[in-house]
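Residue-level structure breakdown
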Amino acid sequence: MQLEKLVRKNIREMKPYSSARHEFSGEANIFLDANENSFGSPTPSLYNRYPDPQQQELKNRIAELKSVSPSSIFLGNGSDEAIDLLFRIFCNPGKDNVISCPPTYGMYEVCAEMNDVELRSVPLKENFQLDVPAIFGSIDANTKLIFICSPNNPTGNCMDPEDVKKILSRFNGLVVVDEAYVDYSANPSFIHQLKQFENLVVLQTFSKAWGMAALRLGLAFAGESIIKCLNKVKYPYNVNAATQEIVLKALEEAGKIKDWINETISERTKLAEELSRLPGVEKMYPSDANFILAKIKRAPELYRFLSDKGIIVRDRSRTLLCDNCLRITIGTPEENKQLLEAINEFK
Ligand SMILES: *Cc1c(COP(=O)(O)O)cnc(C)c1O
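This write-up is about the structure you can find in this document. This one's a predicted model, so the numbers in the text were calculated from it and none came from an experiment.

A few words on the side chain of Thr155. The residue Thr155 is located in the loop between β4 (143-149) and α8 (161-170) in this model. Residue Thr155 is classed as buried on the basis of its relative accessible area of 1%. A polar atom in the side chain of Thr155 sits 2.5 Å from the side chain of Asn157. With near-sequence residues (within four places) excluded, Thr155 lies in contact with Pro103, Phe128, Tyr285, Pro286, Phe291 and Leu293.

By the criterion of burial, strand β7 (residues 218-222) is predominantly enclosed, with five of the five residues buried. Where burial is concerned, the two faces of β7 agree: the one with Gly218, Ala220 and Ala222 and the one with Leu219 and Phe221 are both buried. The sheet contact formed by strand β1 (residues 73-76) and β7 spans four bridges and is antiparallel. From the neighbouring strand, Phe74 faces β7, where its bridge partner is Ala220. In terms of strand pairing, strand β6 (residues 200-205) meets β7 through five bridges, oriented antiparallel. Bridging across to β7, Thr205 finds its partner in Gly218.

Procedures and definitions
Residues numbered from 1 in each chain as written. Predicted model: local features only at pLDDT ≥ 70, side-chain atom pairs only at ≥ 80, totals over all residues. Heavy atoms only, no water. Helix = DSSP H or I, 4+ residues; strand = E, 2+ residues; numbered from the N terminus. Buried < 20%, exposed > 50% of the residue type's maximum accessible area, 1.4 Å probe, protein only. Polar contact = N/O pair within 3.5 Å; in protein donor to acceptor, adjacent residues only side chain to side chain. Contact = heavy atoms within 4.5 Å. Pairing = 2+ DSSP bridges.

In structure tokens, the structure reads:
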């Protein structure tokens, strides 16, 4: 793969913004270079200084945790930022195209539209697996990105890793494997394949298993030259100081996260079993994520019935291959119990 050729010409040739904090990186104690408020900030801890634009300390810790090099990590304002930047770096508006495989995460299509890039939909097969021949049939010289969500939202299943590898080895653009839910899956992450496939980008996030959706921290893992492009195009201070500090501290709690993951998985098994015993439930799809997809009679009516009781699930019944399906996030044992009781009352 020739990365240089894949990158848009204007991006390849642009000079990135160079911030004050970027240009100076030695020891000093008087900082009069960035027009900050030298007196302080009206907050319990100080936020008057711009944060580290490269989030180096945080990346070093994440690198240890994930057993990858810090130079293969990009951090963004949610993984949604990485998705948008990939469009901006690789896709010429009005000319290039990308492939995604619905039913899947909605942001690929939103970012495609926002960037005036054609999105070619290659639906999953009935078993929710990739239609590899159809994907290859849709690729042309202007196809730059293929999005693969695994475990997939909203279906919950992992894509067959052999299919993903086939696409990685035969496609001349980037393959973006979105692993937002990988912590709940028994399948290994694709971040261990970065050396084998230089066209691989793996997305992960602190919004799901790590429980920090409000802090907005997403990760992209890729070869160093792709990471360099992402860093060149991002806003200089895209990850704020509070997020950097709090997540750095939270990384010490990996044990607690593991416990929550295990509890979520056992609740997922229990909830799936109990739901499948209810009369209106036609099918429970197996899940590798922290949600389950259920095919239920009169799903839109059930959705409204539940929301009238203050229980909100996601109605996916108008989504391709998902008629009468609700996507239900695994709650605490108490929340799941109340959900089951409420569904039981639905006549
Ligand atoms: C939730 C989710 C994300 C997370 O995005 P953030 O911007 O990191 O919160 C990414 N991809 C998929 C498939 C998701 O479901």
